[in-house]
Amino acid sequence: MIRMILFLCTNLAVMLIFSLILSLTGIQSNTFYGLLVMSFLFGFSGSILSLILSKWIALRSVNGRIITHPKNEIESWLIDTIREQSIKKGIIMPQIAVYDAADINAFATGARRNSALIAISTGLLENMTRNEAEAVIAHEISHISNGDMITMTLVQGVVNTFVIFISRILSQIISNILSNNKNENEEKNPFVYFLISTFLELIFGVLASVITMWFSRHREFYADASSAKLVGREKMISALNRLKTSHEPQESDSMIAFCINGKTNSFLQLFASHPSLEKRIEALYNKEYM
């Protein structure tokens, strides 16, 4: 969940910065295809920059510590486990980071399969058994080997393109109406255009996140199945049950618990980065996605 939130927030920030640059410099395309090309370039620039900066942002957001040489037995086990799983998946061993947090959590990020990062909370290492922690690590290794970060970047790039394109088309129409300007050759008010386009990009960007969150939930099932193949189905089910137990007490007042364990059937479920733990456990029992 942390990986997804950081990616989306960075992506949205980059899009808004580009939008500001476009508006202040007066760079606006007057043709349908010109606007589409510009939307494509800036849309993918946002998602690609988010991916490139993902490791740097993630480490600083959680104040993670990269493990280069193990200082204790658990760090040695962590390195050995991730090295072994990486070899089985045919990828270069990712960087390993540990960060202080009570939550049972781990995430993977990085621009390439062979240059990734896995960050693990101290809460996970302290509250999960070795078998359960092994399954969670295998889940994150699967995200890396499956190329989920790259695919998410492509999905987000396409979404960004349409958000920018549609927002600017509507901004031109609305600014013309507000200024009572029916002649397209007359100069538009750049400030009005900027305000409208920024507002629409924010709104459409939030709505478009429904698509990226759906993709994220979809890939979680495949990562679970891949982990089950790597370390065993029972270990992965045990890890999910441990997560379920640890998050249920704080579910009502924790957004983190909602995103991981979202039981609610409300509209907000569309914005959850993970399926409910019940659905994930059921999928493993039924051997779906395997």
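The rules behind these values
- Residues numbered from 1 in each chain as written.
- Predicted model: local features only at pLDDT ≥ 70, side-chain atom pairs only at ≥ 80, totals over all residues.
- Heavy atoms only, no water.
- Salt bridge = Lys/Arg side-chain N within 4 Å of Asp/Glu carboxyl O.
- Helix = DSSP H or I, 4+ residues; strand = E, 2+ residues; numbered from the N terminus.
- Buried < 20%, exposed > 50% of the residue type's maximum accessible area, 1.4 Å probe, protein only.
- Core = buried A, V, L, I, M, F, W, Y, C linked by side-chain atoms within 4.5 Å.
- Contact = heavy atoms within 4.5 Å.

J.: Before we go on, may I ask you to explain the pattern of salt bridges in this structure?
T.: Pairing between side chains of opposite charge can happen when the charged atoms of each approach one another. Applying the stated criterion to the full structure yields 11 salt bridges. Note that Arg83 is salt-bridged to Asp80, the shortest N-O span being 3.2 Å. In this pair, Arg83 and Asp80 are both assigned in helix α4 (residues 73-89), three residues apart and thus about one turn of the helix distant. On the basis of relative accessibility, which here comes to 45%, the residue Asp80 falls in the partly exposed class. Close ionic contact of Glu84 with Lys88 constitutes a salt bridge, the shortest N to O distance being 3.4 Å. Of the two residues, Glu84 and Lys88 are both situated in helix α4; the distance of four residues between them amounts to about one turn of the helix. Note on Lys88: relative accessible area 52%, which makes it exposed. The structure contains a network of salt bridges with shared partners spanning Glu220, Asp224 and Arg280.

J.: Help me understand the nonpolar core, please; the structure alone is not making it clear to me.
T.: One recurring pattern in soluble globular proteins: nonpolar side chains tend to sit buried together. Core analysis: the largest hydrophobic core is formed by 37 residues, its most contacted members being Leu78, Ile82, Ile120, Leu124 and Met128. Of all the elements, helix α6 (residues 130-145) adds the most residues to this core, at seven residues. Contact partners of Met128, with chain neighbours within four places excluded, come to Ile104, Ala133, Val136, Ala239, Arg242 and Leu243.

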